[in-house]
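# Analysis of the macromolecular model
Each chain, letter by letter, is given below.
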Amino acid sequence: MPWLKFMAATRSRSGFNMNEIANYIAVDTIEEAAETLAAGPVTVLAGGTDLMLQTEAGTRSYAATLMNIRRVAELRGVGLEDGSLTIGALTTVSDLLADPIIGAHCPILAETADQFASPQIRNMASIGGNICNASPAGDLLVPLIALGAEVALVSKADGALHSRRMPVEEFVIGPGASKLGDTEILTFVHIPSQDGAAGAFRKFGPRPALEIAIAAVAVTGRIEDGKFAHMRVAFGAVAPTPVRGRAVEAALEDKPATDETINAALAATDADISPIDDVRASAWYRRHLIRTLTQEILADVFRA
Amino acid sequence: MMDQIAEQISLIGQRIPKPDGAAKVLGRTQYINDMVLHRMLIGKILRTDRVHARILRLDISKAAALPGVHAVITGDDTPMIGIGVNKDNPPLKSGTVRCIRDEIAAVAAETEAIADQALALIEVEYEDLPAVFDPAEALEDSAPQLHEDKPGNVGLSYNISYGDIAAGEAESDVVLDETYDLHYVTHCCMGPGCVLAEFDAMGKLTIYSQTQYPYNFKMDLAPTLGIHPGDIRVIQPPVGGAFGSKLDVYPFEPICAFLAQKTRRPVKLVFSREEEFIASPTRQPVRAHIRAGAKKDGTLTFRDVNCLLNNGGYTSWGATVPYVMMRTFSGHFRVPNVEFKSTAVYTNNPFAGSFRGYGNVQATYVTATLMDKMAEAVGMNPIAFRLKNAQEPGEVTPQGSLLKDCALADCITIAAEKTDFLKIYAANAKVETGRYRRGIGIATSLHNAGGAKIHKSDGCGTILTMDDYARVTLITGASEIGQGIDAVITQIVAEELGVPMASITIVNDDSAIGPWDVGVHASRTTFIAGNGARRAAIKAKAQILAAASKEANVPAEEMELRGGHVVQSDNGVSIIRLDRLLRAMHFAGEDAELVMVTDYYEPPSEPEGDNHYGDMSAAYAHAAYVAEVEVDTMTGHVRVEKMTVVQDVGRVVNGLGIEGQIEGGIAMSIGYGLTEDLRIEKGIVKNPSFRDYKVATAPEMPEIAYHFIENDTPEGPFGAKGIAELPAIVPAPAIANAVYNAIGVRFDNPPITPEKVARALHGGQDGGDQ
Amino acid sequence: MSSELEISFILNGQARSLIVAPSAVALSVLRDDFDLTAAKKACGEGECGACTIIVDGASVCSCILYAADLDGRNVQTVEGLDAGDTLDPVQAAFIETGAVQCGYCTPGMVMQIKHLLAENPDPDEAAIRRGLEGNICRCTGYSKIIDAVKSAAITMRAG
């Protein structure tokens, strides 16, 4: 609504004193975003749900420049090519829940979106923000790791845009920490073709959503000739980052889809995770839940 | 020929929307949190970050120098006069801090941001002192002493003894010895704590307060401020929930007044949600040790109860909950021999206040689960065992409560019939396999339902006036805190005066206008204020009919008020329109009169005397709630599928209101039983947010079925009893009993969290990994 | 040192402009600068829904929304439903079904339900409950609010 700019603006009565932000920039393109990032310390504002909480709580401070990327139209939406999905970083969790391409080609993401926070937060939070926030309990990270998703990271140097891709699994490296460079912006999430693989996400909580996960599991793969095949497993809230369940994968891969195999996989969960005791749950309970949720997926989804 | 006015359908028992509903849905309602007064400043409190420490240095100079800051105050500026039940809590602490919520300084500034900056500039140095958090440890000789004048850390104690415990035990075939640990929960009012204070040029204080007891609030607030209670005017804008949390003066209120006094400007102070979790009162945690016996035939023989209350650093109403607990332990079911002892012990934890249900939430969790344990021990089913010990109408409890219209047996019988209890109970108990198991459980309780005479008066004042247009203004001392007394009083007055509800205005938000009332608590307001309103309306009606009689020359007893007219009782023919009569009365020269009546209703109850004996309420009520649950034996999650409510309500006045109170109470009690747990570890609140303190949300609510027992209690307004606390009391133990029916495990340490259930079923050790 | 920015947006049908700090919170701007106090700050971290408003047709928690993000958008608060003569069906249903007690959660509930019914005009019981999962009410136990949604849905489909 450009015509709005002709109005005479009044000055807000509050909110100026706490401000440490020297520049505010709202960009319209990826290139502008990359240029801004190249020019100096920048805090990126996407959905803002985590950023606002962290800055208000004092656990994170603003860089000199606050860059709002919400108007970068090319960063919102879902594309499909040869079975692979490309999801713009600004795509909201509600978008994931409602998008027909996601529903048809990657239902595990819609299933996760359905268990994500509340309707209001789903309307605000973006997939890119959820990834960059790198929470150990970040819901979307868990299925993305199981799906073998990659993130595209773009920067501008020497007058040219540079893009690199990295598996989500490698991208998140610790609570709140990722391999995102200071001058990089996460632009897209790429999900390789699942080619008919099954998949499921389970997160434990007494509520259908509106829970910080105390344990979450995502599994993708299929049954071929009565055996588990192409199995990928990820766990959330049981390590400093959501983690790949490699021991569980090894226990499943190419093994007959039997109770015995599932039990062996459950026994292997402990090797993949390193949960802690905190106010939300004990390490014991997290381990117990990981086994329970993994069993539920393997038995209900893969052998049903 | 005059109009014939059709007989009106009684408003009592109808489903009446709250009169303030329209303003609230439109977003027009102004809570204190929304108010702005001219030249208003924002107040903020600096709280300590220590649980027990001596303040060595408190430097406010940088904060005071910050532009936009108008006042910075500490305990050195304010009198060390305590507030609270034991008057042990000075609003701003000086010298020593005793718990994490302690207020040590406060600022008033032009904006919230400046106030926050100012707080950050205050420098404090402490010397930490040894701290104690467990009440049993705090009683040991070696424990740190919290208050010089409270040797041994002993706060309030309550003791009663009736009959002969030893004799009761001697005749018992079964004796159970059980210990319960009842946890911290908190009110979670959606409107965070808030107050706005302003002194006028004469030095009188106007305080916009969320209080539930405006009149005694003045008395409790005045001494610490050093002003006369009569110089305090309490204005009560709409409040975002209370549930008992606003029945005392808490430090933020006098602190805000001090700031207003010092700055000579209005000051508003609003809690953050985190502050609300840390620095508002909690429900009283209780460690209850109970020994109880029964004969083989199911007859209860004795209850011997010892309670240890974690008092925290200071004393508010939480420490007095045994007052209610002992009525349940001694009076709920026929118990011939009872001893109850309780001690509240000072520790370095935050402290408890009053909370809907008071001690009865705790006492009923114990008694209702113990009744099931006892039934099993003597080999009876939970229904038969309860019926065996249920009192009959007219029985008197050991503490002197006259159960004149006791409906306990009816509640139990109807609840069992409505839910097919015994059949489902037996079937569930047989199931020992499968991931999901179902359980059914019953709990009952007894609560005062006609006020509670814990002060010298349990009364409520009412003033009713009518204007020249037959509009009614009803001024009551009873506060509206969202519970719906506005609708109830409107119904009652409209019913008596035969006027439309829309012609009635309730005024109850200003202590300078309203007559005295003891406060909104103890399920008393419909009963006490309802009676007051009704009596005032009856007085007004008598005055009106007397005037009509003179005017129309018809005997008053042959007329009534109907549809805005004075009509002949026998045929409904209008004698005179009410507004015309009122004008005739008003403009009658020397005989002029206005309809302007007052009433002070004091219920026929008595304060407790020696040994806490006394018929302290004008009515008592019972309820039986049946919970049906499904337990996930793998995750440990308990889902409440259905709650069946059977409650003696005397008479339903407002169908919407009564269901709303019950549904809200059930949500709170589900929280108490399953999810809500204010985790206080070494004096620190570990989960001060809705993220980690889990109140019930819409998907977690069960189906609810109702059965109201309506026997018209003689003293109640139109037969009504107070109803609003039992729904917050009874569901949790019904759920606990249902969980036992499902999985055969008892939880004497609510909440029954998924992790606790999983540990019980899968053997995880506390704190251990694997 | 501090920067500021101008935001222009449609607020309850009217074009508005304001200079704000980049870190300003939408809820504070609505309450403090536009005197729209229906949306409440009850938790300040998106956990309770009392601050729910509708931005470009989607319900959001304004307590964790940047005011900067209002720029160029269409913003509706409960005050925008206040048409004078007639009540919005959701609001009318709230009154009639007894869904209001203390009222503090009510404006946020109403806006969330407006969004819910716009997305799904005929929600079943489970969808209603899920639709309210981000809004905490401490008074009602939600039953009457669920009744209100059902009643409003019927009215709106008929209307």
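All of these numbers come straight from a predicted model, not from anything done at the bench. (Residues numbered from 1 in each chain as written. Chains lettered and ligands numbered in written order. Predicted model: local features only at pLDDT ≥ 70, side-chain atom pairs only at ≥ 80, totals over all residues. Heavy atoms only, no water.)

If you tally the helices and strands in chain B, you get 20 helices and 30 strands. For 770 residues, the compact-globule formula gives about 27 Å, and the C-alpha radius of gyration of chain B, at 28 Å, lands near that figure. In terms of principal-axis extent, the alpha carbons of chain B reach across some 90 × 75 × 50 Å. The buried share of chain B, taken over its 770 residues, is 66%. For chain B, the proportion of contacts with a sequence separation of at least 24, taken over those separated by at least 6, is 80%. (Helix = DSSP H or I, 4+ residues; strand = E, 2+ residues; numbered from the N terminus. Rg over C-alpha atoms; globule rule 2.2 N^0.38 Å. Buried < 20%, exposed > 50% of the residue type's maximum accessible area, 1.4 Å probe, protein only. Contact = heavy atoms within 4.5 Å.)

A separate point is the side chain of Asp304 of chain B. Residue and element names in this part refer to chain B. Checked against the element boundaries, Asp304 lands in strand 14 (residues 300–312). Overall, the relative accessible area of 14% leaves Asp304 in the buried class. With near-sequence residues (within four places) excluded, Asp304 lies in contact with Ile165, His289, Ile290, Arg291 and Glu339.

Looking now at the sheet that holds strand 20 (residues 472–476) of chain B. Residue and element names in this part refer to chain B. Here we have 4 strands laid out as an open sheet, ordered 21-20-19-25, and mixed in their pairing. Unpaired on one side and paired on the other, strand 21 (504–507) and strand 25 (596–601) mark the two borders of the sheet. Taken over all neighbouring pairs, the strand axes of this sheet differ in orientation by 15° on average, direction set aside. Bridge count for strand 19 (residues 460–466) against strand 25 is 6 bridges, and the pairing is antiparallel. Residue pairing across strands places Leu464 opposite Val597, the latter belonging to strand 25. Packed onto the sheet, helix 14 (residues 485–497) meets strand 19, strand 20 and strand 21 and runs at close to 135° relative to strand 21. Against the sheet, helix 15 (residues 525–552) makes contact with strand 19, strand 20 and strand 25, and its axis sits at roughly 145° relative to strand 25, the strand it touches most. (Pairing = 2+ DSSP bridges. Axes fitted to C-alpha atoms, helices over the stretch in contact; angles between N-to-C directions.)

Evaluation of the coordinates by the stated rule reveals 0 disulfides over all chains. Among the cysteines around Cys63 of chain C, which has no disulfide bond, Cys51 of chain C carries the closest sulfur, lying 3.7 Å off. (Disulfide = S-S within 2.5 Å.)

In this structure the tally under the stated criterion is 17 aromatic pairs over all chains. With a centroid separation of 5.5 Å and 80° between ring planes, the pair formed by Phe277 of chain B and Phe690 of chain B is classed as edge-to-face. Of this pair, Phe277 of chain B sits in helix 8 (residues 273–279) while Phe690 of chain B is found in the loop between strand 29 (684–685) and strand 30 (703–709), placing the two residues 413 residues apart along the sequence. There is no split in this pair, since Phe277 of chain B and Phe690 of chain B are both buried. By way of ring pairs, the aromatic residues Phe204, Trp284 and Tyr285 of chain A are connected into one cluster. In this structure, Arg534 of chain B packs its charged tip against the face of Phe718 of chain B, placed 3.7 Å from the ring centre. (Phe/Tyr/Trp six-rings, centres within 6.5 Å; stacked < 30°, edge-to-face > 60°. Lys NZ or Arg CZ within 6 Å of the ring centre and 35° of its normal.)

Below, the discussion takes up the pairing of strand 13 (residues 216–224) of chain A. Residues and elements named next belong to chain A. Counting buried positions along strand 13 gives 7 out of 9 residues, so the element sits mostly inside the fold. The pairing of strand 12 (residues 198–203) with strand 13 spans 6 bridges and is classified as antiparallel. From the neighbouring strand, Arg202 faces strand 13, where its bridge partner is Val217. Relative to strand 14 (residues 227–236), strand 13 runs antiparallel, the two sharing 8 bridges. Across the sheet, Ile223 pairs through a bridge with Phe228, a residue of strand 14. Between strand 13 and strand 14, which pair antiparallel and follow one another directly, the connecting turn spans 2 residues, one of which, Asp225, has a positive phi of 50°.

Considered domain by domain, chain B is made up of domain 1 (21–27 + 459–601), domain 2 (40–129 + 190–242 + 246–279) and domain 3 (132–189 + 280–367). Its C-alpha centre places domain 1 of chain B at a distance of 44 Å from the equivalent point of domain 3 of chain B. (Domains from an automatic or database assignment.)

By convention, interface size is frequently given as the accessible area that disappears when the constituent parts associate. Each partner contributes to the interface: chain A provides 47 residues, whereas chain C provides 51 residues. Here chain A meets chain C over a buried area of about 4000 Å², counting both sides, of which 55% is carbon and sulfur. At the boundary of chain A and chain C, one finds 5 salt bridges. A salt bridge links Glu133 of chain C to Arg122 of chain A; the shortest N-O distance between them is 2.9 Å. Counting across the chain A and chain C interface gives 17 residue pairs in polar contact (both at pLDDT 80 or more). Secondary structure elements with two or more residues in the side of chain A that touches chain C: strand 1 (10–11), strand 2 (23–26), helix 2 (49–56), strand 4 (65–68) and helix 6 (119–124) of chain A. Of the residues that constitute the side of chain A that touches chain C, the class distribution is 24 nonpolar, 14 polar and 9 charged. (Buried area = accessible area lost by both parts, 1.4 Å probe. Salt bridge = Lys/Arg side-chain N within 4 Å of Asp/Glu carboxyl O. Polar contact = N/O pair within 3.5 Å; in protein donor to acceptor, adjacent residues only side chain to side chain. Nonpolar A, V, L, I, M, F, W, Y, C, P; charged D, E, K, R; others polar.)

Contacts between the two partners involve 39 residues from chain C and, on the opposite side, 50 residues from chain B. A combined buried area of about 3700 Å² lies between chain C and chain B, and 57% of that area is made up of carbon and sulfur atoms. Taken together, the connections running from chain C to chain B amount to 7 salt bridges. Between Lys144 of chain C and Glu663 of chain B there is a salt bridge; the shortest N-O distance is 2.9 Å. Connecting chain C to chain B are 25 residue pairs in polar contact (both at pLDDT 80 or more). Only helix 2 (89–97), helix 3 (106–119), helix 4 (125–131) and helix 5 (143–158) of chain C provide two or more residues apiece to the side of chain C that touches chain B.

Glancing now at unusual backbone geometry. Pro751 of chain B follows Pro750 of chain B through a cis peptide bond whose omega is 0°. The backbone of Leu210 of chain A shows a phi angle near 45°, a positive value even though the residue is not glycine. Tracing the sequence through the fold places Leu210 of chain A in the loop between strand 12 and strand 13.

A few words on helix 9 (residues 322–331) of chain B. All names here are of chain B. Summarising burial for helix 9: 10 of the 10 residues are buried, a large majority. When we look at burial in helix 9, the residues that qualify are Pro322, Tyr323, Val324, Met325, Met326, Arg327, Thr328, Phe329, Ser330 and Gly331. Backbone geometry just after helix 9 places Phe333 at a positive phi near 75°.

This part takes up the nonpolar core. Ranked by internal contacts, the top residues of the largest apolar core, which has 250 residues, are Leu205, Leu464, Met466, Leu497, Val566 and Ile735 of chain B together with Phe94 of chain C. A per-element tally of this core places helix 15 of chain B first, with 11 residues. Excluding residues that lie within four positions of it along the chain, Leu497 of chain B makes contacts with Leu464, Met466, Val472, Ala537, Ala540, Lys541, Leu561 and Leu578 of chain B. Core analysis: the second largest hydrophobic core is formed by 80 residues, Ile131 of chain A together with Leu18, Ala68 and Leu70 of chain C among them. (Core = buried A, V, L, I, M, F, W, Y, C linked by side-chain atoms within 4.5 Å.)

When pLDDT is averaged across chain B, the result is 97; 99% of the residues are at 70 or more. For residues 766–770 of chain B, every residue scores under 50 in pLDDT, and the model assigns this stretch 12 contacts once sequence neighbours within four places are set aside. (pLDDT = per-residue confidence, 0-100.)

Residue and element names in this part refer to chain C. With their axes 11 Å apart at the nearest point, helix 3 and helix 5 run at an angle of 45° to one another. In terms of their interaxial angle, helix 3 and helix 5 are classed as oblique. By crossing handedness, the relation of helix 3 to helix 5 is classed as right-handed. On helix 5, the residues that touch Met109, Ile113, Lys114, Leu116 and Leu117 of helix 3 are Ile145, Val149, Ala152, Ala153 and Met156. Within the contact of helix 3 with helix 5, the residues separate by chemical class into 9 nonpolar, no polar and 1 charged. (Parallel < 35°, antiparallel > 145°, perpendicular 65-115°, else oblique. Left-handed = near helix turned anticlockwise from the far one by under 90°.)

Time to look at the side chain of Ser511 of chain B. By secondary structure assignment, the location of Ser511 of chain B is in the loop between strand 21 and helix 15. Separated by 2.8 Å, the side chain of Ser511 of chain B and the backbone nitrogen of Val234 of chain B make a polar contact.

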